[in-house]
Amino acid sequence: MENSEKTEVVLLACGSFNPITNMHLRLFELAKDYMNGTGKYRVIKGIISPVGDAYKKKGLISAHHRLIMAELATKNSNWVEVDTWESLQKEWVETAKVLRHHQEKLEASACDDQQSSPVLGRPGRKRKWAEQRQDCSQRKSPEQTKTKDVPKVKLLCGADFLESFGVPNLWKSEDITKIVGEYGLICVTRAGNDAQKFIYESDVLWKHQNNIHLVNEWITNDISSTKIRRALRRGQSIHYLVPDLVREYIEKHNLYSSESEERNVGVILAPLQRNIAEANTEEIL
Amino acid sequence: MKSRIPVVLLACGSFNPITNMHLRLFEVARDHLHQTGRYQVIGGIISPVNDHYGKKDLAAARHRVAMARLALQTSDWIRVDPWESEQTQWMETVKVLRHHRSELLRSLPKTEGADQGRAASPAPAAVPELKLLCGADVLKTFQTPNLWKDAHIQEIVEKFGLVCVDRVGHDPKGYILGSPILQKYRDNIHLAREPVQNEISATYIRRALAQGQSVKYLLPDAVISYIKEHGLYTRDTSTERNEG
């Protein structure tokens, strides 16, 4: 298939990145090789979107540090970058909304590219996306409305993420539908059979299985952030598990300790808080 | 307070190429020995095997040494030693151990005569011990007929000592129980747990490279650049070397 016929894809990874590790970075590499290897897609960008502090996860240190570490980690990558939008929001943002934000951003800049108006070509001129999109749909000729021209954002994740769909009150069912229906999931996992079983047992996931790509991680690479934090508390080495610049930053700022691990203890995780509250509101109504 | 025994860890192997997992072995082993309270790890040595080892797909020693050197740029305690790879023929691990131990002893500061100032001086520094560092899979190979000489296995565990790092699918305690020599010197065999399961095999790396897939974050960037610059591990070079 010619490059022009392939669907361009942007891989978006949401998560705590507390801290970012070599395993997170590997997910991008594996997913890109897989998607490009199908011959139907061309991965053009990877985005790391660290969650905001309002997520209230136990042990979550400030977004400021987590962003810097992610940036240090992707310094030597020519296609993966860090996006701060999600972490800068005051309230916690549902993943489906983060996906929508990035998809809209892509649509706006694709529209920009298609237009040749000198006004828009002026450097430094910002327009609201709504304005751009309105302009875009007005100007688009029938040939230009091919959605294939706009890159598609897809959510990149590990198997634990897929299985978290089953945790009560963690996800709104309409969000799960949006994520797998409108966007798509690329799930990197060692336990392919378990993931397939999980998809089979869920009507929503089953319906959109063509939009869920399972990528096999042949080598066990179990570098979880939890283990990194534990090693740091115990004075054990994390060399070669995280990028060197990240390791140096952690050491310099003494980021992870028993104290930092106690942050948000007793606080309810933001999505649980919100979903339970909304369910209660609905009941009352 | 009893002073700790200084230890240098020596890892022998193909390092074809070196990976983050090889480097982790050193870190895990050092943490483990320190945790016992009895040892102080003062250095690490990577000794890539000689080209005459005859293993399939073995890249030239000069490359493997260069890659190890690049990989160790960010380490302040591990170094690569090309001595083994520069010999005219392959040599048994025990000989490499003997060589490095005598080098280690030769490099110690010369002590004064035994009787001088003994009353006032502190306890003499302990002589550093050289230990063989390996994964649990290597411990298993002691069982392979004709791969190791029994006398050598004995010398390794008796005179040097082994630090053996966990690996998925292996049972180091079982291997020790199943061997009288290992059982006898089990106090000199240290089993270190790697809490982060990390199965980055060099074989996998070579295959991924041959298929044009990414190996980023599995080995240091500098090593990946070197591999690309020198065209190593492409399908072309991997088939002819050392067949049969």
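All figures in this text were calculated on a predicted structure; none of them were measured in a lab.

Focus: the packing of aromatic side chains
Residue and element names in this part refer to chain A. Evaluated as defined, the whole model comprises nine aromatic pairs over all chains. With a centroid separation of 5.9 Å and an interplanar angle of 75°, the aromatic rings of phenylalanine 28 and tryptophan 79 are classed as edge-to-face. Taken together, the residues phenylalanine 28 in helix α1 (residues 22-37) and tryptophan 79 in the loop between α2 (63-73) and β3 (80-82) connect sequence positions 51 residues apart. Exposure remark for phenylalanine 28: the relative accessible area of 1% places this residue in the buried category. Residues tyrosine 200 and tryptophan 206 carry aromatic rings whose centres are separated by 5.9 Å and whose planes lie at 85° to one another, so their mutual orientation is edge-to-face. In this structure an aromatic cluster arises from ring pairing among Phe161, Phe165 and Trp171. Above the plane of the ring of tryptophan 79 lies lysine 32, whose end atom (NZ or CZ) is 4.5 Å from the centre.

Side note on the side chain of serine 87 of chain A
All names here are of chain A. When you line up the elements, serine 87 lands in helix α3 (residues 85-88). Among the polar contacts made by the side chain of serine 87, one reaches the main-chain carbonyl oxygen of threonine 84 at a distance of 2.9 Å. Setting aside anything within four residues of it in sequence, one finds serine 87 in contact with Pro50, Val51, Gly52, Ala63 and Leu67.

Quick notes on the interface of chain A and chain B
Across the boundary between the two partners, chain A contributes 25 residues, which contact 22 residues of chain B. Each partner contributes to the roughly 2,200 Å² buried at the junction of chain A and chain B, and carbon and sulfur atoms together form 53% of this total. Ranking the residues of chain A by area buried against chain B places Arg26, Ile219 and Tyr240 of chain A at the top, with a combined share of 31%. Between chain A and chain B we count zero salt bridges in total. For the interface between chain A and chain B, the tally reads 12 residue pairs in polar contact (both at pLDDT 80 or more). Sorting the residues of the side of chain A that touches chain B by element identifies α1 and α12 (244-253) of chain A as the ones contributing at least two each. Residue contributions to the side of chain A that touches chain B peak at six residues, all from α1 of chain A.

Some points on the sheet that holds strand β6 (residues 189-192) of chain B
Residue and element names in this part refer to chain B. Taken together, six strands build an open sheet; the order of strands is β3-β2-β1-β4-β5-β6 and the sheet is parallel. Here the strands that pair on one side only, and so sit at the sheet edges, are β3 (78-80) and β6. Going across the sheet, the axis of each strand differs from the next one's by a mean of 25°, ignoring polarity. Sheet topology note: the strand β1 (residues 5-13)/strand β2 (residues 39-48) ladder contains nine bridges and is parallel. Along β2, the bridge assignment pairs valine 7 with valine 41.

Rules and cut-offs
Residues numbered from 1 in each chain as written. Chains lettered and ligands numbered in written order. Predicted model: local features only at pLDDT ≥ 70, side-chain atom pairs only at ≥ 80, totals over all residues. Heavy atoms only, no water. Phe/Tyr/Trp six-rings, centres within 6.5 Å; stacked < 30°, edge-to-face > 60°. Helix = DSSP H or I, 4+ residues; strand = E, 2+ residues; numbered from the N terminus. Buried < 20%, exposed > 50% of the residue type's maximum accessible area, 1.4 Å probe, protein only. Lys NZ or Arg CZ within 6 Å of the ring centre and 35° of its normal. Polar contact = N/O pair within 3.5 Å; in protein donor to acceptor, adjacent residues only side chain to side chain. Contact = heavy atoms within 4.5 Å. Buried area = accessible area lost by both parts, 1.4 Å probe. Salt bridge = Lys/Arg side-chain N within 4 Å of Asp/Glu carboxyl O. Pairing = 2+ DSSP bridges. Axes fitted to C-alpha atoms, helices over the stretch in contact; angles between N-to-C directions.

It is worth stressing that arrangement in space is one thing and function is another; only the former is reported here.
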